[in-house]
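Observations on the model geometry
Each chain, letter by letter, is given below.
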Amino acid sequence: MKNIEIEGKKISFEVKSKDVRYVYLKLKPDFSLQVTVPRNRDVDINKILEKKRPWLEKKVREISQKIKIFDKNTVLYRGERFEIKTYYVKNPEKRIRLYKKVAFVYEDSDKKKEEILMEFLERETMKYVKERVEEFKNELNVTYSSISTKNMKKWGYCTKDGKISFNWRLICLPERIADYIIFHELLHLRHFNHSKQFRSEMEKYFVDSREIKKTLKRYYS
Ligand SMILES: [Zn+2]
């Protein structure tokens with residue numbers, strides 16, 4: 001592995017020859033760069049990287065702005081980051097406790113950290129969603145048939161017959177953003193599309209819609 005420096009970040013890169021026609025660059029979230037070059041062709045890697053520098057700089061800036069929802073050591077809850085501290089306890093009374101920016105997780109032979117965190121976040125998401133839906137549905141004068149949480153890439157979706165689902169990580173987001181997602185799905189019970197009317201109604205309740213959407217894109221898990 002070789003390194004280059006982009007925007008003050010050390011980027012390690014690997015070059016692979018494949019049956020491709022052009023040179024491809026892929027910068028991963030961990031700032032490692034994969035360079036794919038055509039087989040049987042002489043390519044000057046340094047020259048390519050120099051030429052691609054503006055693109056790489058843009059990508060590095062993008063990745064630096066990303067907010068990871070949780071990793072091995074931390075988890076976001078309502079937009080705030082908690083350090084995860086795991087303890088092994090026999091028959092723990094409680095599985096998890098949040099205190100002063102620390103998430104204490106009590107594992108035993110039955111349940112491991114990941115599962116405990118997932119169950120906790122899912123439960124909290126459901127609780128929060130139900131609360132907000134009650135409020136928003138009166139505001140919007142709509143009815144739904146069911147609410148659920150799911151493991152999915154999207155933050156939420158709604159079916160024509162009124163089934164609303166949310167990503168179980170929703171509670172990790174700041175409240176304003178979570179509310180935006182919940183409201184968005186409920187508004188689909190009125191407009192089953194993203195028409196102009198939908199958007200203008202959305203903006204009536206969330207004047208900062210554009211800002212929220214932009215911020216939301218930064219979160220990933
Ligand atoms: Zn939508």
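A quick note: this is a predicted structure, and the numbers were derived from the prediction, not measured.

**Here we look at the domain arrangement of the protein chain**
Parsing the protein chain into structural domains produces domain 1 (2-65), domain 2 (68-116) and domain 3 (121-220). Distance from the C-alpha centre of domain 1 to the C-alpha centre of domain 2: 37 Å.

**Concerning the pairing of strand 1 (residues 2-6)**
Sheet analysis places strand 1 next to strand 2 (residues 9-18), joined by five bridges and oriented antiparallel. Its bridge partner lying in strand 2, Glu-5 is registered against Lys-10. As consecutive antiparallel partners, strand 1 and strand 2 are separated by two residues, and within that stretch Glu-7 has a phi angle of approximately 50°, a positive value.

**Quick notes on the coordination of the zinc ion**
Those donors, His-184 (NE2), His-188 (NE2) and His-194 (NE2), are the protein atoms that reach the zinc ion, and they lie 2.0 to 2.1 Å from it. Donor residues for the zinc ion, ordered by position in the chain, follow H-x3-H-x5-H.

**Some points on a positive patch on the surface**
Residues Lys-196, Arg-199, Arg-210, Lys-213 and Lys-217 make up a contiguous surface patch of positive charge. Sorting the residues of the positive patch by element identifies helix 5 (196-205) and helix 6 (209-216) as the ones contributing at least two each. With respect to the helices, strands and loops of the structure, Lys-196 is situated in helix 5. The class for Lys-196 is exposed, based on a relative accessible area of 67%.

What counts as what
- Residues numbered from 1 in each chain as written.
- Predicted model: local features only at pLDDT ≥ 70, side-chain atom pairs only at ≥ 80, totals over all residues.
- Heavy atoms only, no water.
- Domains from an automatic or database assignment.
- Pairing = 2+ DSSP bridges.
- Helix = DSSP H or I, 4+ residues; strand = E, 2+ residues; numbered from the N terminus.
- Donors = N, O, S within 2.8 Å, 3.2 Å for Na, K, Ca; no water.
- Patch = residues over 30% accessible without salt bridge, like charges linked within 9 Å, V, L, I, M, F, W, Y side chains within 5 Å.
- Areas by Shrake-Rupley, 256 points an atom, 1.4 Å probe, with all protein chains shown as cover.
- Salt bridge = Lys/Arg side-chain N within 4 Å of Asp/Glu carboxyl O.
- Lys, Arg positive; Asp, Glu negative; His and termini not counted.
- Charge placed at Lys NZ, Arg CZ, Asp CG, Glu CD.
- Buried < 20%, exposed > 50% of the residue type's maximum accessible area, 1.4 Å probe, protein only.

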